[in-house]
Structure formats: structure tokens, C-alpha cells
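Coordinate analysis (summary)
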Amino acid sequence: MTIDQAVARCDSVKPNQYSREDKVRWLSEADGQIRREILDPWEGQEDFDGYDEDTPGTTPLLAPETYCGLYEAYLSARIDFCNGEFTRYQNSAQLYNALFGDLAGWYRRTHLPLQENSITL
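In what follows, the accompanying structure is described.

Conventions we followed
Residues numbered from 1 in each chain as written. Predicted model: local features only at pLDDT ≥ 70, side-chain atom pairs only at ≥ 80, totals over all residues. Heavy atoms only, no water. Axes fitted to C-alpha atoms, helices over the stretch in contact; angles between N-to-C directions. Helix = DSSP H or I, 4+ residues; strand = E, 2+ residues; numbered from the N terminus. Parallel < 35°, antiparallel > 145°, perpendicular 65-115°, else oblique. Left-handed = near helix turned anticlockwise from the far one by under 90°. Contact = heavy atoms within 4.5 Å. Nonpolar A, V, L, I, M, F, W, Y, C, P; charged D, E, K, R; others polar. Core = buried A, V, L, I, M, F, W, Y, C linked by side-chain atoms within 4.5 Å. Buried < 20%, exposed > 50% of the residue type's maximum accessible area, 1.4 Å probe, protein only. Salt bridge = Lys/Arg side-chain N within 4 Å of Asp/Glu carboxyl O.

Moving on, we come to the packing of helix H1 (residues 3–13) against helix H2 (residues 20–39). For the pair H1 and H2, the least separation of the axes is 10 Å and the interaxial angle reads 115 degrees. Judged by the inter-axis angle, H1 sits roughly perpendicular to H2. Of the two elements, H1 crosses H2, and the hand of that crossing is right-handed. From H1, Ile3, Asp4, Ala6, Val7 and Asp11 reach across to H2, where they touch Arg20, Lys23, Val24 and Leu27. Partitioning the contact of H1 with H2 into residue classes produces five nonpolar, no polar and four charged.

Once that is clear, we can look at the environment of Arg35. Within the secondary structure layout, Arg35 lies in helix H2. The sequence separation of Arg35 and Glu46 amounts to 11 residues, and the corresponding C-alpha distance is 9.3 Å.

Before going further, it helps to spend a moment on the packing of H2 against helix H3 (residues 69–82). For the pair H2 and H3, interaxial distance at closest approach is 10 Å and the crossing angle is 125 degrees. Put simply, H2 runs oblique to H3. Crossing of H2 over H3 shows right-handed handedness. Along the contact surface, H2 presents Lys23, Trp26, Leu27, Glu29, Ala30, Asp31 and Ile34, while H3 presents Leu70, Tyr71, Tyr74, Leu75, Arg78, Ile79 and Cys82. Of the residues in the contact of H2 with H3, the class split is 10 nonpolar, no polar and four charged.

This brings us to the nonpolar core. Ranked by internal contacts, the top residues of the largest apolar core, which has 30 residues, are Leu27, Ile34, Leu61, Leu70 and Tyr71. Mapped onto this core, the elements with two or more residues apiece are H1, H2, H3 and helix H4 (86–110). When residues in this core are grouped by element, the largest group, seven residues, is from H2. With residues up to four places along the chain from it excluded, the contact list for Leu27 reads Ile3, Ala6, Val7, Tyr51, Leu61, Tyr71 and Leu75.

As a further point, take the pattern of salt bridges. Using the criterion set out here, one finds seven salt bridges in the structure. The salt bridge involving Arg20 is made with Asp4; its shortest N-O contact spans 3.0 Å. Taken together, the residues span a long stretch of sequence, with Arg20 in helix H2 and Asp4 in helix H1 at a distance of 16 residues. Relative accessible area serves as the criterion here: at 27%, Arg20 is assigned to the partly exposed category. A salt bridge links Arg78 to Glu29; the nearest nitrogen and oxygen atoms lie 2.4 Å apart. Taken as a pair, Arg78 in helix H3 and Glu29 in helix H2 lie far apart in primary sequence, 49 residues in all. Judged by relative accessible area, Arg78 falls into the partly exposed class, the value being 23%.

Any functional reading would require information beyond the geometric quantities listed.
Below is the structure:
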């Protein structure tokens with residue numbers, strides 16, 4: 001899923017007044033969390049500098065397609081929070097956390113952990 005696809009998907013199911021720039025920043029936060037908590041402890045990862053208004057909309061997000069629902073849930077949670085709709089926020093955040101946990105579990109089952117050199121001289 002790309003940045004533009006995630007924004008369009010969110011806007012189609014949850015009409016809102018927030019700008020594309022707001023949503024791109026929120027997607028950057030979500031992928032930052034994925035990078036720090038899931039990907040960084042594992043081998044072969046590239047640096048993540050985040051997204052901003054200059055990031056092309058065709059930029060792919062970090063989660064594989066199977067787990068892209070987490071972006072919709074994250075954007076929904078941010079919108080609900082900013083609108084002061086805290087019951088909806090709790091539901092959206094709970095869904096995001098469940099999907100994030102699913103992604104983390106899948107990644108840890110299917111990738112090799114970073115190996116530290118344990119040889120000391």
C-alpha cells in the first residue's frame with residue numbers, strides 16, 4: 001500500500017476535515033513505530049527517515065499488503081482523537097493495536113533476528 005492509497009482509503013470510509021499533510025505525518029508516525037518496535041531488531045533493515053509533505057504519494061508503506069488495515073485503523077484513531085470522539089478513538093486504537101500485534105507476530109515468526117557477535121578477545 002502506498003501513502004496515497006492509505007489516505008484515499010481512510011477518506012473513503014471516514015470523511016474528515018484533516019489535510020493530506022496531517023495524514024502523511026500520522027502515517028509517518030505509524031511506520032516509525034513499526035520500524036522501531038518490529039523491524040529494527042531484525043537483520044537487513046534500511047534507515048527510516050519518515051514522511052513529510054514532500055514525500056511522493058507513490059511511496060510504499062512498511063507493512064505488507066496483508067496488514068495494511070492497520071494504517072486505516074491508525075488514521076481513524078488519530079481523527080477520532082482530534083475530534084474529541086474518545087469512545088470511537090478507543091475502538092480504533094484497539095483495532096490498530098490488535099493489527100500491529102498481528103504484524104509483529106508474523107514478522108518475528110518469519111524473519112531471522114539480528115545476531116550479535118558474542119566473541120570477545
